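# Structural features, examined
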Amino acid sequence: MDRRKFINLSSLGAAGFTLQGFIPTSLNGLSTTITPIVVATWDAGLAANKAAWEVLGSGGKALDAVEKGVMVTEDEMNCCVGLNGNPDRDGFVTLDASIMDHEFNCGSVAFLERIKHPISVARKVMEKTPHVMLVGQGAQQFAIEQGFKLENGELSKDAKNSYQNWLKNSEYKPVINIERKNATTQLDASKMAPHRLSNGEWNHDTIGMIAMDSMGNLSGSCTTSGAGFKMRGRVGDSPVIGAGLYVDNEVGAVVATGQGEDVIRVAGSSAVVEQMRQGKTPTEACKIVIERIRRIKKEKAKDIQVCFIAINKKGEYGGYSLHKGFNYAVHTPQGNTLHEATFLD
Ligand code: GLY
């Protein structure tokens, strides 16, 4: 793990410490430069990080970065986050998203239909309402009031094919690592076939992003079309603050991806933050909570994937997953790179 914070003597002058636009802050006579970092889940995190870095690299706020970053993924045609995602079993795409800043401000939307950028609606919930979460028609009504366009609700070509194919058997099965590019592009009918199996379990498609800006403030975002072919009304972990996403600016930021029900069960992201508060590194903290999920699920753990990424106040980062195959993208001043997460088994 990298140490991302370095301290320089203020006598050399603040301007001398500005690295790639990063802002020096004064601390007890020392000039401290905090190096920004953004970490996002899966391959899609690379493109998302690039957009986030346009904000962070010019001294912008982590909150703006994590919104702008995941908006890229919400727009992608060949990715199942956003309106291009798989529908529920009744044929409707329903979206969940959440956002949280460095002052415990947070907002989320769930079961939201026909709105292109749920992450931005979540931010409006945070900033414009006295509430944390809006769902369903109420969330959509609020979005329209806030100026968001109501889209036509048609499925994307890939999603339509997947849904037609799924309808043949109407069965459910989680698809481990479906968020990876090599899985998410396999949306044609023939390749979806192995993904459709037993009852009661689902596919899922999520991007999560956590960032620290040059002021040392943390924020996070998470957005998803949720489990493909889910029951109508199903909401996963992504919009549940403490489960899919949690930020404590004194400690760290965490976001989850994978089987939402099993992240909610353990208040996953909050649990990882609490481990970091006890002194664990981001990777150790993620691992402890993954092990907890494994203990709870017993033999059923083999059918699901759950993954966390985390950063702490020192700018150290890590990720951990239940099974092999989870990756995440990390953008620092040194570049934007994809990392394979360590895993339990
Ligand atoms: N982790 C996303 C979901 O289960 O909906």
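Everything below is about the structure printed above this text.
Report follows, based on the coordinates. (Residues numbered from 1 in each chain as written. Predicted model: local features only at pLDDT ≥ 70, side-chain atom pairs only at ≥ 80, totals over all residues. Heavy atoms only, no water.)

### Describing the overall build of the protein chain
Each helix and strand counted, the protein chain has ten helices and 16 strands in total. Within the span of the protein chain, comprising 345 residues, buried residues form 60% of the whole. Long-range contacts, defined as pairs at least 24 residues apart, comprise 65% of the intrachain contacts of the protein chain with a sequence gap of at least 6. Summing over all exposed atoms, the protein chain offers an accessible surface of approximately 13,600 Å²; the carbon and sulfur share of this is 52%. (Helix = DSSP H or I, 4+ residues; strand = E, 2+ residues; numbered from the N terminus. Buried < 20%, exposed > 50% of the residue type's maximum accessible area, 1.4 Å probe, protein only. Contact = heavy atoms within 4.5 Å. Areas by Shrake-Rupley, 256 points an atom, 1.4 Å probe, with all protein chains shown as cover.)

### Structural notes on the sheet that holds strand S11 (residues 252-258)
Taking strand neighbours across the sheet as the criterion, the five strands line up as S10-S11-S12-S13-S16 in an open arrangement whose pairing is mixed. Each edge of the sheet is formed by a strand with only one pairing partner; in this case those strands are strand S10 (245-248) and strand S16 (342-343). By the bridge criterion, two bridges tie strand S13 (residues 317-321) to S16 in an arrangement that is parallel. What sits directly across from Ser-321, in S16, is Phe-343. Contacts between helix H9 (residues 268-277) and the sheet are confined to S10, S11 and strand S12 (306-312), with S11 contributing the most and set at about 145 degrees to the helix. (Pairing = 2+ DSSP bridges. Axes fitted to C-alpha atoms, helices over the stretch in contact; angles between N-to-C directions.)

### Looking at the site of the ligand
Near the ligand, the surroundings consist of Thr-206, Gly-226, Arg-234, Gly-236, Asp-237, Ser-238, Gly-258 and Gly-260. At 3.4 Å, a side-chain N or O of Thr-206 approaches a nitrogen atom of the ligand. Between an oxygen atom of the ligand and a main-chain N or O atom of Gly-260, the distance comes to 2.9 Å. Among the residues forming the shell around the ligand, the class breakdown is no nonpolar, six polar and two charged. (Near = heavy atom within 4 Å. Polar contact = N/O pair within 3.5 Å; in protein donor to acceptor, adjacent residues only side chain to side chain. Nonpolar A, V, L, I, M, F, W, Y, C, P; charged D, E, K, R; others polar.)

### Digging into the packing of aromatic side chains
Taken as a whole and judged by the stated rule, the model has five aromatic pairs. Between Tyr-317 and Tyr-328, the aromatic rings sit 6.5 Å apart at their centres with planes inclined by 75 degrees, giving edge-to-face as the arrangement. Of this pair, Tyr-317 sits in strand S13 while Tyr-328 sits in strand S14 (residues 327-332), placing them eleven residues apart in sequence. When sorted by exposure, Tyr-317 lands in the same class as Tyr-328, which is buried. Of the aromatic side chains, those joined through ring pairs into one cluster are Trp-42, Tyr-317, Phe-326 and Tyr-328. (Phe/Tyr/Trp six-rings, centres within 6.5 Å; stacked < 30°, edge-to-face > 60°.)

### Comments concerning the pairing of S10
Of the two faces of S10, the one lined by Leu-245 and Val-247 and the one lined by Tyr-246 and Asp-248 are each fully buried. Where S10 folds back onto S11 in an antiparallel hairpin, the turn is made up of three residues.

### Section: the pattern of salt bridges
Counted according to the given criterion, the structure contains 15 salt bridges. Put simply, Arg-265 and Asp-262 hold a salt bridge, and the shortest N to O gap is 2.7 Å. Owing to a relative accessible area of 3%, Asp-262 belongs among the buried residues under this scheme. Here Glu-274 makes a salt bridge to Arg-277, at a shortest N to O gap of 2.8 Å. On the criterion of helical spacing, the pair formed by Glu-274 and Arg-277 is a turn pair, its members being three residues apart in helix H9. Counted as one network, the salt bridges with shared partners bring together Asp-64, Glu-67, Arg-123 and Glu-127. (Salt bridge = Lys/Arg side-chain N within 4 Å of Asp/Glu carboxyl O.)

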